[in-house]
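Remarks on the overall topology
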Amino acid sequence: MQEIPVFTARPIGYFKDAWRRFKRNKASVVASLIIGFLIAFSLFAPMFSPYTVSYQDDYYKFRYPRNKLFLSLGLDFWDGCAEKTLPEHTFYYYLSMGKETGRYAIKGEKYEKFDKEKGSYYQFRLDSYEEIGCVFLSLTNGEYERIQRYQDETGRQVLYPTTSPNLRPTIDGNPKLTLDANYWYQYKVVSGRDENGLPLKQKVLIPVFDDDGNFQNIYASYSGGDGYFSRMRVEGETPLYDYSIPNQTGVEVRVNYHEYYRFYHSYVLKDGIDEPNFLFGTTQAGKDVFTCLGSGARLSFFLAFTVSFVNLLVGGIYGAIEGYYGGNADLIMERVSDILSAVPFMIVITLLKMHMGDGSQLLALFIAFFLTGWISMAKRVRMQFYRFKNREYVLASRTLGAKDGRIMLKHVFPNAIGTIITGSVLSIPATIFSESSLSYLGIVNLNTGSVTSIGTLLANAQPYLTTYPYMILFPALFICLLMLSFNLFGNGLRDAFNPSLKGIE
Amino acid sequence: MFRYIVKRIALAFLSFFIIMTTCFFLVKMLPLVVNATLGQDAEIAEAQIVARGYRDPILVQYVAYIRRILFEWDWGVGVNMPEYVGQGVWGVFIEKLPPTVLINVYSTLFAVPIGILLGIYSALKKNGWQDHLVSTLVMVFVSVPSYVTAFLVQYILCFKLGWLPLTMGAGTEYFTWTTFRSMLPAVFSLSFGSIAGYARFTRAELTEVLTSDYLELAKAKGLTKSQCVVRHALRNAMTPIIPSIIAEFIAVMSGSLIIEKIFSVPGVGRLYLTAITSLDYDFFMMLSAFYTFIGLLAGIVVDISYGFIDPRIRVGKR
């Protein structure tokens with residue numbers, strides 16, 4: 001009797017084999033990790049960010065990206081500041097903010113002075129979160145009292161003494177100056193010079209210092225009728241100052257905007273925002289780029305994965321029928337897909353959008369991707385079915401009485417799995433690219449109140465490319481990483497599933 | 001071969017016809033919005049629309065539309081875009097074509113030689129550091145979306161270094177130095193992706209040919225390496241590359257909407273975008289026909305040129 005040989009090695013299946021090959025491709029493994037990171041970002045960034053897509057703040061627009069880590073390390077990088085070289089009058093304007101409120105617009109109060117023949121110039125890092133300084137606000141009496149209660153509870157000074165209206169600066173009736181709450185100091189009007197020493201058209205304000213070189217305030221002196229009851233008062237306030245000026249609706253007060261923002265979000269709205277801090281900066285509308293990017297990425301991924309899945313399903317079935325049955329069915333079905341594939345995608349989406357209106361643009365986009373997307377999948381599957389349907393083992397199975405459905409599923413389809421998976425993965429970056437292009441061009445507008453798309457972010461940021469390049473940096477970086485890692489990952493998959501194709505693009 | 005070509009063209013025309021008919025009916029089913037121009041009576045504007053037959057039943061309009069195109073080459077007139085109201089659609093289109101075509105022709109002229117040379121170089125240095133460098137760069141530029149390249153070009157070349165203007169100059173003098181210079185940023189942005197594509201394609205083809213048996217023979221005969229590559233390998237490697245270049249030359253006509261928008265090129269892409277936003281349907285129909293036509297034409301030319309360039313492929317004889 002012959003002994004049956006025992007196999008000691010474990011059998012290796014198709015997927016295990018592919019996985020072994022895939023692991024060996026370092027670039028693809030790294031790419032898949034990056035993809036995981038990007039997907040995690042899109043899922044969690046909007047979830048953990050205190051801001052929402054609909055959040056916006058009129059004062060905090062065009063703020064620079066600020067990373068708390070770099071800020072606490074004291075690095076001059078990603079700290080929400082911008083390097084500036086400014087003439088004397090603007091320098092003092094920013095210096096005065098820190099002197100009054102202790103919130104330094106000039107980072108760390110570090111600056112370098114350059115004396116040129118026509119005046120002094122200062123180089124410093126301007127903190128874009130503090131450069132707003134103080135603003136005048138019109139409040140109702142209720143809000144006014146609320147701020148004061150907040151001040152007493154937290155010990156944070158929000159309200160600052162209001163300046164006396166007849167001392168507020170004005171040059172040639174320029175209302176911008178009068179409405180600027182940051183002129184709290186005594187000044188003189190001089191003809192200014194820009195940072196190159198050239199005379200400015202407009203006159204400027206230079207502070208008048210006292211004998212010790214300190215700013216001298218122009219606060220409104222105490223009248224007793226300002227309704228201020230808070231214990232918080234400005235340091236060293238010997239004659240008392242007025243904190244508000246009554247107007248028609250309530251009072252006009254002078255607040256430090258940063259502190260007011262904290263008060264408003266933590267005390268009034270209670271929306272989880274404690275401090276303005278925008279990791280990726282803010283847009284021209286004062287939206288948080290980080291949250292918008294996360295939300296846009298989420299939308300892109302959602303769309304791309306759904307489209308890819310549906311195309312796989314429809315294209316797979318269509319291609320299988322075409323390839324397996326051949327003949328007239330194949331001929332007719334091929335004509336249909338030929339015609340469909342000749343329609344430019346741009347036209348499909350435009351027509352759909354025109355017909356479906358502005359309300360359901362995501363659906364229109366989805367249908368457009370589907371209408372043109374499944375064809376390539378069908379072609380791939382058809383080819384594989386053509387190749388394998390007449391192999392001997394298939395014929396053997398048929399002779400044994402297997403039905404068409406069984407042959408297709410059990411014997412032919414597994415041969416197509418590799419190409420199907422590769423095709424689906426590679427279609428994801430293509431879909432995301434098209435989606436972002438279309439929303440960039442404004443052909444589709446996915447930007448509703450609570451959702452936005454990367455293309456919209458890019459389109460909004462593009463006009464500020466030269467002035468605020470950081471606005472475009474993060475969305476562009478995100479999409480580059482995404483495309484690159486998906487392409488590498490897809491190539492790795494293709495090589496793993498089909499080693500004979502390696503090196504052939 | 002001849003029969004194959006005829007069949008291919010006939011099928012393409014059938015596709016074109018079906019697509020455009022569907023497109024026409026879909027467009028005509030939309031409500032026709034008419035904005036009276038400044039100082040124009042809304043009733044007069046409406047009367048003009050009626051006189052053009054735009055309120056007739058769709059089938060009647062369809063027959064009239066085809067008849068006008070076939071016999072008078074009349075694609076309709078602009079209705080909603082202020083600057084083109086009452087102008088013939090075809091005339092406006094022809095006027096907008098040069099910048100689009102020029103930018104794309106320049107970028108192809110720029111990209112093809114560089115891309116192919118890079119591809120040849122990295123194929124010859126296969127698995128050397130030069131090859132890895134080129135392959136990595138190719139991967140990056142194939143993946144990075146064209147608009148990101150455009151932003152980079154605009155920011156670095158145009159803004160930081162100030163070498164080139166930020167956007168394309170207006171005006172119709174296309175062959176002056178100033179206009180040419182203002183086209184360059186768009187040309188560069190378009191080129192990077194194409195260079196990478198050509199380099200990758202050439203490298204793949206050439207490496208395959210370089211390992212084939214007949215090249216071993218050529219080497220065994222005593223040919224020098226350059227003789228081998230230029231006379232034997234390159235010729236065969238070029239057979240699939242040349243049709244793709246031809247196809248690209250045709251496809252460039254349709255241009256890139258996004259590049260045209262970023263660099264405000266006064267071309268066809270911009271016309272298409274404004275036609276969509278202002279719902280000017282005659283323009284939309286005409287431009288759709290154009291894009292569809294270009295796409296089909298490129299496909300046909302590729303298939304046919306394969307047959308001409310590579311005698312091994314006898315498509316006609318099945």
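Chains are numbered independently. Their residues run from 1 in the order of the written sequence. Whichever chain is written first becomes A and whichever ligand is written first becomes 1, with later ones labelled in order. With the structure being a predicted model, the display of local features is reserved for residues of pLDDT at least 70 and the display and counting of side-chain atom pairs for 80 or more, all residues being used for whole-chain, interface and lining totals.

For chain B, the helix and strand inventory stands at twelve helices and zero strands. Secondary structure elements are taken from DSSP: a helix is a run of H or I of four residues or more, a strand is a run of E of two residues or more, and numbering for both begins at the N terminus. Reading the helices (α) and strands (β) of chain B from amino to carboxyl end gives α-α-α-α-α-α-α-α-α-α-α-α. Taken over the C-alpha atoms alone, chain B extends approximately 85 × 60 × 30 Å along its principal axes. Remark: C-beta atoms are placed from the backbone, and a residue is labelled buried if 20 or more other C-beta atoms sit within 10 Å of its own, exposed if 12 or fewer do, or partly exposed between those counts. Across the 318 residues in chain B, those meeting the buried criterion constitute 35%. Long-range pairs, those at least 24 residues apart, make up 71% of the contacts in chain B between residues at least 6 apart in sequence. We call two residues in contact when their backbone-placed C-beta atoms lie within 7 Å.

Turning our eyes to something else, we now look at the overall build of chain A. Looking only at helices and strands, chain A features 15 helices and nine strands. Since a compact globule built from 505 residues should have a radius of gyration of about 23 Å, the 33 Å found for chain A marks it as more spread out than a globular shape. If one aligns the C-alpha atoms of chain A with their principal axes, the spans along those axes are about 115 × 55 × 50 Å. The burial tally for chain A puts 42% of its 505 residues in the buried class. Taking contacts inside chain A between residues at least 6 apart in sequence as the whole, the part at least 24 apart equals 69%. Put simply, the radius of gyration uses C-alpha atoms, and a globule should come to 2.2 Å times the residue count raised to 0.38.

Glancing now at the sheet that holds strand β2 (residues 106–116) of chain A. Residues and elements named next belong to chain A. On the basis of which strands lie adjacent, the open sheet formed by three strands has the order β1-β3-β2 and antiparallel pairing. Each having just a single partner strand, β1 (81–87) and β2 make up the two edges of the open sheet. Within the sheet, the average angular offset between the axes of one strand and its neighbour, ignoring direction, is 20°. Judged from the seven bridges that link them, β2 and strand β3 (residues 119–127) form a sheet pairing that is antiparallel. By the bridge assignment for β3, Phe 114 is matched with Tyr 121. We call two strands paired when DSSP finds no fewer than two bridges between them. Helix axes are fitted to C-alpha atoms over the stretch in contact, other axes to C-alpha atoms as well, and angles between N-to-C directions run from 0 to 180 degrees.

Here the expected length of a helix is defined as 1.5 Å per residue gap, with one fewer gap than residues. Taking 1.5 Å per residue, 37 residues should reach 54 Å; helix α8 (residues 289–325) of chain A reaches 52 Å between its end C-alpha atoms and fits that length. Summarising burial for α8 of chain A: 26 of the 37 residues are buried, a large majority.

Further remarks concern the interface of chain B and chain A. On the chain A side, the residues contacting the 33 residues of chain B number 32 residues. At the level of elements, α1 (2–28), α5 (129–143), α6 (146–160), α7 (177–210), α10 (257–262), α11 (268–277) and α12 (281–309) of chain B are the ones that each hand at least two residues to the side of chain B that touches chain A. Examining the composition of the side of chain B that touches chain A, we find that six residues originate from one element, α6 of chain B, more than from any other. Of the residues that constitute the side of chain B that touches chain A, the class distribution is 24 nonpolar, seven polar and two charged. Side-chain classes are defined by residue name, with Ala, Val, Leu, Ile, Met, Phe, Trp, Tyr, Cys and Pro counting as nonpolar, Asp, Glu, Lys and Arg as charged, and the others, Gly among them, as polar.

Residue and element names in this part refer to chain B. Within the secondary structure, Phe 110 is located in helix α4 (residues 89–124). Once the C-alpha coordinates of Phe 110 and Ser 191 are considered, the two residues, 81 residues apart in sequence, prove to be 6.9 Å apart. Once you skip the residues sitting within four places of it in the chain, Phe 110 turns out to touch Val 187 and Ser 191.

On to the packing of α1 of chain B against helix α3 (residues 58–72) of chain B. Residue and element names in this part refer to chain B. Running from N to C, α1 and α3 cross one another at 130°; their axes reach a closest spacing of 11 Å. Our classification of the angle between α1 and α3 gives oblique. The element α1 and its partner α3 pack so that their crossing is right-handed. Between α1 and α3, the residues in contact are Phe 24, Phe 25 and Lys 28 and Ile 58, Gln 61, Tyr 62 and Tyr 65, respectively. Of the residues that constitute the contact of α1 with α3, the class distribution is five nonpolar, one polar and one charged. What sets the label is the angle itself: under 35 degrees gives roughly parallel, over 145 gives roughly antiparallel, 65 to 115 gives roughly perpendicular, and the rest give oblique. Handedness of each helix crossing follows the sense of rotation of the near helix against the far helix: counterclockwise by less than a right angle gives left-handed, clockwise gives right-handed.

Residue and element names in this part refer to chain A. Where each domain starts and ends comes from a domain assignment, either automatic or drawn from a database. Per the domain assignment, the segments of chain A are domain 1 (14–47 + 287–501), domain 2 (68–127) and domain 3 (133–269). Relative to domain 3, the C-alpha centre of domain 2 lies at a distance of 20 Å. In this assembly, 18 residues from domain 2 lie in contact with 17 residues from domain 3. Elements represented by at least two residues in the side of domain 2 that touches domain 3 include exactly β1, α4 (88–101) and β3.

The next thing to look at is the packing of helix α1 (residues 14–24) of chain A against helix α15 (residues 470–497) of chain A. Geometrically, a packed helix pair is captured by the angle between its two axes and the distance between the axes. Residues and elements named next belong to chain A. Where α1 contacts α15, the axes come no closer than 8 Å and their chain directions differ by 135°. By the criterion of interaxial angle, the relationship of α1 to α15 is oblique. Classified by chirality, the crossing of α15 by α1 is right-handed. Between α1 and α15, the residues in contact are Ala 18, Arg 21 and Phe 22 and Gly 492, Leu 493, Asp 495, Ala 496 and Phe 497, respectively. Residue composition of the contact of α1 with α15, by class: five nonpolar, one polar and two charged.

Next up on the list: the pairing of β3 of chain A. Across seven bridges, the pairing between β1 of chain A and β3 of chain A is antiparallel. Across the sheet, residue Thr 85 of chain A finds its bridge partner in β3 of chain A, namely Gln 123 of chain A.

Okay, unusual backbone geometry next. All names here are of chain A. At Trp 78, a position not held by glycine, the phi torsion is positive, near 55°. Here Trp 78 lies in the loop between α3 (68–73) and β1. Even without being a glycine, Glu 109 presents a positive backbone phi close to 50°. Note on placement: Glu 109 falls in strand β2.

Glancing now at the nonpolar core. For this analysis, nonpolar core means a set of buried Ala, Val, Leu, Ile, Met, Phe, Trp, Tyr and Cys residues linked through C-beta atoms within 7 Å. Ranked by size, the top nonpolar core spans 127 residues in total, and within it Leu 293, Ile 349 and Leu 458 of chain A together with Ala 186 and Leu 287 of chain B carry the most contacts. A total of 15 residues in this core trace back to one element, the largest contributor, which is α15 of chain A. The contacts of Leu 293 of chain A, once residues within four sequence positions are left out, are Phe 280, Ile 454, Leu 457, Phe 474, Pro 475 and Phe 478 of chain A.

This brings us to the environment of Ile 58 of chain B. Residue and element names in this part refer to chain B. Along the chain, Ile 58 turns up in helix α3. Note: C-alpha distance between Ile 58 and Met 29 (29 residues apart in sequence) is 8.0 Å. Beyond its immediate stretch of four places on either side in the chain, Ile 58 contacts Phe 25 and Lys 28.

This part is about the environment of Ile 103 of chain B. Residues and elements named next belong to chain B. Mapped onto the elements, Ile 103 comes out in helix α4. On a C-alpha basis, the gap between Ile 103 and Leu 190 in space is 8.6 Å, while along the polypeptide they are 87 residues apart. Among all residues touching Ile 103, those that are not within four sequence positions of it are Met 183, Ala 186, Val 187, Leu 190 and Val 265.

All names here are of chain B. Taking 1.5 Å of rise per residue, 27 residues should cover 39 Å, and helix α9 (residues 225–251) covers 36 Å from first to last C-alpha, within 8% of that figure. In the structure, α9 departs most strongly from a straight axis at Thr 239, where the bend amounts to approximately 45° and where the proline Pro 240 lies between one and four residues downstream. Elements that come into contact with the buried residues of α9 comprise α4, α7, α8 (213–220) and α12. At any given residue, the bend is defined as the angle formed between two axes, one fitted to the seven residues that end at that position and one fitted to the seven that begin there.

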